[in-house]
Amino acid sequence: MTLRRRTTLSATTALTVALSAALTPAAVGHQNHSPSHGKDQTLRVATYNLSLNRATEGELQADLSTGDDAQAATVAEVIQRANPDIVLLNEFDFDAAGTAVDLFRENYLEVPQGGAEPVAYPYAFSAPSNTGIPSGFDLNNDGVVGGGDDAFGFGAFPGQYGMVALSKYPIVTDGVRTFQHFLWKDMPGALLPDDPATPEPADWFSDEELEVVRLSSKSHWDVPIQVGRKTVHVLASHPTPPTFDGPEDRNGRRNHDEIRFWADYVTPGKASRYIYDDDGGRGGLRGGDRFVILGDQNADPHDGDSYDGAIDQLLQHPRITDPLPASAGAVEAAALQGGANDAHTGDPAYDTADFADTAPGNLRVDYVLPSKHGLRVRDAGVFWPTQDDPLSALTGTYPFPSSDHRLVWVDLSV
Ligand SMILES: [Ca+2]
Ligand SMILES: [Ca+2]
Ligand SMILES: [Ca+2]
C-alpha cells in the first residue's frame, strides 16, 4: 500500500528554522539539503530501527495522536537532524489505514523537535507484516499452538514491529513488489532447522507446516523510487533476531536465509529465478538496476549470535558496496560499557546498536548497502554522538530515550 499525503509542508518554511550549532560532522555529514536543489546534489539514504512499537494493537496510533509522546519526539528529532531523503523505519507498528504513519509525519516529523528543522516526506510505503499473524501451528514445538512464537513472524498482534519507507521522492507505486508470503521451503538449499531429538534431518517443521511457513519474519519489499530520471530500488526487510530459540537455531537459520533472499535477488539469472512475489511475479533485479538494501539485518560480521557468514552474503557480494558507516559515539560507548564489548573482534566504530553488555554487547546490525552499479558513495555515518555533544541526549544510554538502534545514513551520487 502506498500512502500518499493529503497535505505537505512547504520546504521553504522549514529552511528558515535555525540549525543547531551543536551539530558535529561525526554525527551528521551535512544539513539543509533537499531534493532537486543544487548541481552536485547527493541522495541521502538511511535506515533506522526507531523502536516505535507498542505492546497492543492501536496503542501506537493513540500515542501519536498528539505531539506529546516523548519517545516519538526524540526519534523524530534524530530523523530531522540526519535529514535523509529516503529512510526505512523498522519496528513501526503497521495499521492498514496508515494512520500511525500519517500521525507520525503530521505531529512529529513536520514539527520542529528540540530546535531542529521539520522534515516532510510526501511519499510513504507500508504493507502488512507477518509479525503476529497466527499460523495455526506449533512452530516453536512447545506443545501449544498460539502466541508470538507460533505466528508467521514473532509478534503479539498483526503488524507489530512493522516497517515504513519514507521518501522525499516519488514512489513508483505500480513497480512495488512484496514478498510477505514467499515460503521458506521454496528457497533452494534453505537452511531449514532440524529437530535434534529425531534421527530425520531438517524436520523441526512438519511437512504440513512447511506448506505455510514463510521466509520473511516481517516482509521483504522492493520499493522503486524515482530520483530524477533514475530509479533506485529500495530493498527493505528486517530479518528475525538469531536468538530466542533452542539448539535447532531456527531463528539463526531463518535470519541467514532472510538475508540470503536479497543476495539472490540482486544476482541476475539463475540465482534469483526461484523467487516469486505476492502477485506471482518471478525473479529478481536485472543487472542494470540501481538498488539500496536497507534495514536492521540482525547480524554482525564479527560478533553476536548470527549464523556463520549471514551478513557476509551481502557485505562480500560482488554487486554490493559496503560504505562502512562509522561513529565516534559507538567507540566511546563500547569502551565505557565494557563487558561483552571487551571480547568483541569487530571494530566498535561500526556498531549501530547498543545491546546488553552481558550478551551480545553492541553490534553492527543496521545497514545501508548500495549497488556498485549506478551509485557512488560520497559519505556515510552513524548518528551516534559522543557524550560531550548535546545531541547525545537523543541517543542516550539504557533505558534509551529513543531506541537501542542508531540511524545509519549513506550519501550517494545517483
Ligand atoms: Ca507453540
Ligand atoms: Ca531431526
Ligand atoms: Ca550496550
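In the block above lies the structure referred to throughout.
A few points on the structure. Counting of residues starts from 1 at the beginning of each chain's written sequence and follows it residue by residue. Chain letters and ligand numbers both follow the written order, the letters beginning at A and the numbers at 1. Whole-chain, interface and lining totals are the exception, using all residues; otherwise, since this is a predicted model, local features are given only for residues with pLDDT of at least 70 and side-chain atom pairs are given and counted only at 80 or more. Side-chain calculation: all heavy atoms of the structure are included, whereas hydrogens and water are not.

A few words now on the nonpolar core. For our purposes a nonpolar core is just a set of buried Ala, Val, Leu, Ile, Met, Phe, Trp, Tyr and Cys residues, chained together by side-chain atoms within 4.5 Å. Burial classes: relative accessible area under 20% of the type maximum marks a residue as buried, over 50% as exposed, and values in between as partly exposed (1.4 Å probe, protein chains only). The biggest cluster of nonpolar side chains holds 35 residues, and the ones touching the most others in it are Leu-235, Phe-261, Trp-262, Tyr-265, Ile-293 and Leu-314. Elements represented by at least two residues in this core include exactly α6 (250–265), β9 (290–296), α7 (312–315) and β10 (366–370). Numbering goes from the N terminus for both helices and strands, where a helix is a DSSP run of H or I of at least four residues and a strand is a run of E of at least two. A per-element tally of this core places α6 first, with five residues. Discounting chain neighbours no more than four positions away, the residues touching Leu-314 are Ile-259, Trp-262, Ala-263, Ile-293, Gln-297, Ile-320 and Leu-369. Ala-73, Val-164, Leu-166 and Phe-383 belong to the second largest nonpolar core, which has 32 residues in total. In what follows, residue pairs with any heavy atoms lying within 4.5 Å of each other are defined as contacts.

Once that is clear, we can look at the coordination of the calcium ion (ligand 3). Those donors, Gln-337 (OE1), Asp-354 (OD), Phe-355 (O), Asp-357 (OD), Asp-357 (OD) and Asn-362 (OD1), are the protein atoms that reach the calcium ion (ligand 3), and they lie 2.2 to 3.1 Å from it. Donors, by definition, are the N, O and S atoms found within 2.8 Å of a metal, the threshold being 3.2 Å for Na, K and Ca, and water is not counted, so a site can look incomplete. A four-donor site is called tetrahedral if each angle lies between 85 and 135 degrees; a four-donor site is square planar, and a six-donor site octahedral, when trans pairs exceed 155 degrees and the remaining angles lie between 65 and 115; all other cases are labelled irregular. For the calcium ion (ligand 3), the six donor atoms are set out with angles of 44 to 168 degrees between them, so the coordination reads as irregular. Read N to C, the donor residues that coordinate the calcium ion (ligand 3) are spaced as Q-x16-D-F-x1-D-x4-N. Note that Gln-337 is positioned in helix α8 (residues 328–337) and Asp-357 in the loop between α9 (340–343) and β10, a separation of 20 residues in sequence. Accessibility expressed as a relative area gives 24% for Asp-357, which makes it partly exposed.

This part covers the packing of aromatic side chains. Two rings from Phe, Tyr or Trp (for Trp, the six-membered ring) form a pair when their centres are within 6.5 Å of each other. A pair whose planes differ by under 30 degrees is stacked, one over 60 is edge-to-face, and the rest are tilted. Per the stated rule, a full pass over the model turns up 14 aromatic pairs. To sit over a ring, a charge needs its Lys NZ or Arg CZ within 6 Å of the ring centre and within 35 degrees of the ring normal. Here Arg-214 stacks its cationic end above the ring of Phe-152, 3.9 Å away from the centre of that ring. When the ring centre of Trp-384 is taken as reference, the NZ or CZ atom of Arg-406 above it lies at 4.5 Å.

Two quantities define a packed helix pair, namely the angle between the axes and the distance from one axis to the other. Note on geometry: axes are C-alpha line fits, over the in-contact stretch for helices, and angles between N-to-C directions span 0 to 180 degrees. Packing of helix α3 (residues 70–82) against helix α4 (residues 99–109) leaves a shortest axis separation of 10 Å and a crossing angle of 80 degrees. Here α3 is positioned roughly perpendicular relative to α4, judged by the angle of their axes. Of the residues in α4, those touching α3 at Ala-72, Ala-73, Val-75, Ala-76, Ile-79 and Gln-80 are Phe-104, Tyr-108 and Leu-109. The nonpolar class holds Ala, Val, Leu, Ile, Met, Phe, Trp, Tyr, Cys and Pro. Asp, Glu, Lys and Arg form the charged class, and all remaining residues, Gly among them, are polar. Of the residues belonging to the contact of α3 with α4, the class tally is eight nonpolar, one polar and no charged. Orientation is classified from the angle alone, with under 35 degrees giving roughly parallel, over 145 giving roughly antiparallel, 65 to 115 giving roughly perpendicular, and any other angle giving oblique.

Nothing here speaks to function; it is all geometry.
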